[in-house]
Every structure is written in C-alpha cells, then in structure tokens.
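# Residue-level structural notes
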Amino acid sequence: DVKVTQSSRYLVKRTGEKVFLECVQDMDHENMFWYRQDPGLGLRLIYFSYDVKMKEKGDIPEGYSVSREKKERFSLILESASTNQTSMYLCASSPGLRDTQYFGPGTRLTVL
Amino acid sequence: DAKTTQPTSMDCAEGRAANLPCNHSTISGNEYVYWYRQIHSQGPQYIIHGLKNNETNEMASLIITEDRKSSTLILPHATLRDTAVYYCIVISNFGNEKLTFGTGTRLTIIP
C-alpha cells in the first residue's frame, strides 16, 4: 500500500514565524503535491513537483515556497506565517502527473 | 480545463444505492473522469476513474454517458462509513495539467 505521511496532524504557530510542513512518501513516486483546504473552497493546489529539485506553481503559490531535495520528501515552507494561512494542508503523491494521487492525513495549521 | 458541476449535498438511506451525478459538459476527448472522496478529518481517497467506458471496482461503479458530458458514481450498498464529500474531477491524459478539486458533494448516509 502507498503510504504518505505528514510530519504533524495539528500545528499552532504565531504570525511571522517560519513554518515547515514535511511530507514523505514510500512508493518512489515521481510527483508530489501540496494543497490547502478551506471550507467552501475545496482543495486548492499550492505547488507540485515532478522530479527532485523541480517545482511548479499551482493555483495559489503566494506566501509559500517548497523544497524537494530527495525524491521521497516534499516540504512546504511558510516564510512568514500569517493568519490567513490558517488551514488544512494536504500532501499527495502519484507515479505520473495524471495518475491517481494518494493523500496524506493532512496537517491542520493554526496561525495566531 | 473542463469544469465539473455537482450537487452540494445528498442524502441516501443505508443499504440503498447512492447515485452521485456530475456534469462535465465541456470535457474534451483526452480528459479522464476521476472520483475521489474525503471522509471527515482524513485526506482524499481515490475511488475510480474512466475515459468513456463504464468502470467498476470493489468500491463503486462509474457510468459515463455516451456523449461524455456527464457521469454518475454509484455506491451499490451504501453504509454509514460512506458518509463523505465526493469529488468529481476531469483531467487530461497528457501535458502538465494538474488536478483541480471543486467543492464536491457532501453525501450523508441515513441509518
């Protein structure tokens, strides 16, 4: 079974802090994704990566950056957290860009 | 990207078949229809996908109309654990297109 894990289920940070969200997949997938989910807005793609050190902006990249130094790990970085970044963050991976995506359990981030 | 339209919410009695519709009237020939669901407080889970033929797996059946402008996800014997938000998504089979999730249908299974 594909397993996608995220470093925390719940996280509370203060405005202005630098925040790292980590995602690890164990199936040697080429592609990894970061989404955020907010009530009434569905899932929105922040960034995705189709190879090590490669990244592409999604629909809402502003205020975020990503890092993919190893194939199995994809990090989402909030350089200076703001209250409007309070959300559920979901990581996913897939073997090909249009293949089935497998999601992690999510990290609920609260920025105070 | 083809857009999808789904009802905001639906109820279904436990043990009955749940039929979830999705309209994708602007779908193009190279776009697949995917269905995911998200149970409360969990990440989305893949259910099924298809191009033009009907598909069935251990979770559900997918019926795609001949003109491909709409589809229906069928859960044949709904259980309380099927209560979730169901997302219908269309995506091309080439290029750098990414999945775009809408707001989905909130399906509630009634005991």
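All of the points below concern the structure found in this document. This is a predicted model, so every value here is computed, not measured. (Residues numbered from 1 in each chain as written. Chains lettered and ligands numbered in written order. Predicted model: local features only at pLDDT ≥ 70, side-chain atom pairs only at ≥ 80, totals over all residues. Heavy atoms only, no water.)

### Here we look at the side chain of Arg68 of chain B
All names here are of chain B. Residue position: Arg68 is located in the loop between strand S6 (61–64) and strand S7 (70–75). Despite its burial, Arg68 remains without a salt bridge, the nearest opposite charge being carried by Glu31 at 5.9 Å. A polar atom in the side chain of Arg68 sits 3.0 Å from the backbone oxygen of Glu31. When near neighbours in sequence (up to four residues on either side) are disregarded, Arg68 contacts His24, Ile27, Ser28, Gly29, Asn30, Glu31, Leu51 and Lys52. (Helix = DSSP H or I, 4+ residues; strand = E, 2+ residues; numbered from the N terminus. Buried < 20%, exposed > 50% of the residue type's maximum accessible area, 1.4 Å probe, protein only. Lys, Arg positive; Asp, Glu negative; His and termini not counted. Salt bridge = Lys/Arg side-chain N within 4 Å of Asp/Glu carboxyl O. Polar contact = N/O pair within 3.5 Å; in protein donor to acceptor, adjacent residues only side chain to side chain. Contact = heavy atoms within 4.5 Å.)

### Concerning the sheet that holds strand S5 (residues 55–56) of chain B
Residues and elements named next belong to chain B. With antiparallel pairing, four strands are arranged side by side in an open sheet as S2-S7-S6-S5. In this open sheet, the two strands that pair with only one neighbour each are strand S2 (18–23) and S5. Pairing between S6 and S7: four bridges, direction antiparallel. For Leu62, the partnering residue across the bridge sits in S7 and is Leu73. (Pairing = 2+ DSSP bridges.)

### Here's the deal with the pairing of strand S7 (residues 65–70) of chain A
All names here are of chain A. Alignment of S7 against strand S8 (residues 73–78), held across four bridges, turns out to be antiparallel. By the bridge assignment, Ser67 is partnered in S8 with Ser75. If you look at the hairpin formed by S7 and S8, you'll find two residues sitting between the two strands.

### Description of the pattern of salt bridges
All names here are of chain A. Under the defined criterion, the tally for this structure stands at eight salt bridges over all chains. For the salt bridge of Asp28 with Lys71, the shortest nitrogen-to-oxygen distance reads 3.1 Å. With Asp28 in the loop between strand S3 (19–25) and strand S4 (31–38) and Lys71 in the loop between S7 and S8, this residue pair connects regions lying 43 residues apart in the sequence. Here Asp28 falls in the exposed class, since its relative accessible area comes to 54%. Arg44 is the partner of Asp38 in a salt bridge, and the nearest nitrogen-oxygen pair spans 2.8 Å. For Asp38, a relative accessible area of 10% puts it in the buried group. We classify Arg44 as partly exposed; its relative accessible area is 24%. Each of Asp28, Glu30 and Lys71 takes part in a single network of salt bridges with overlapping partners.

Purely geometric stuff here, so don't read any function into it on its own.
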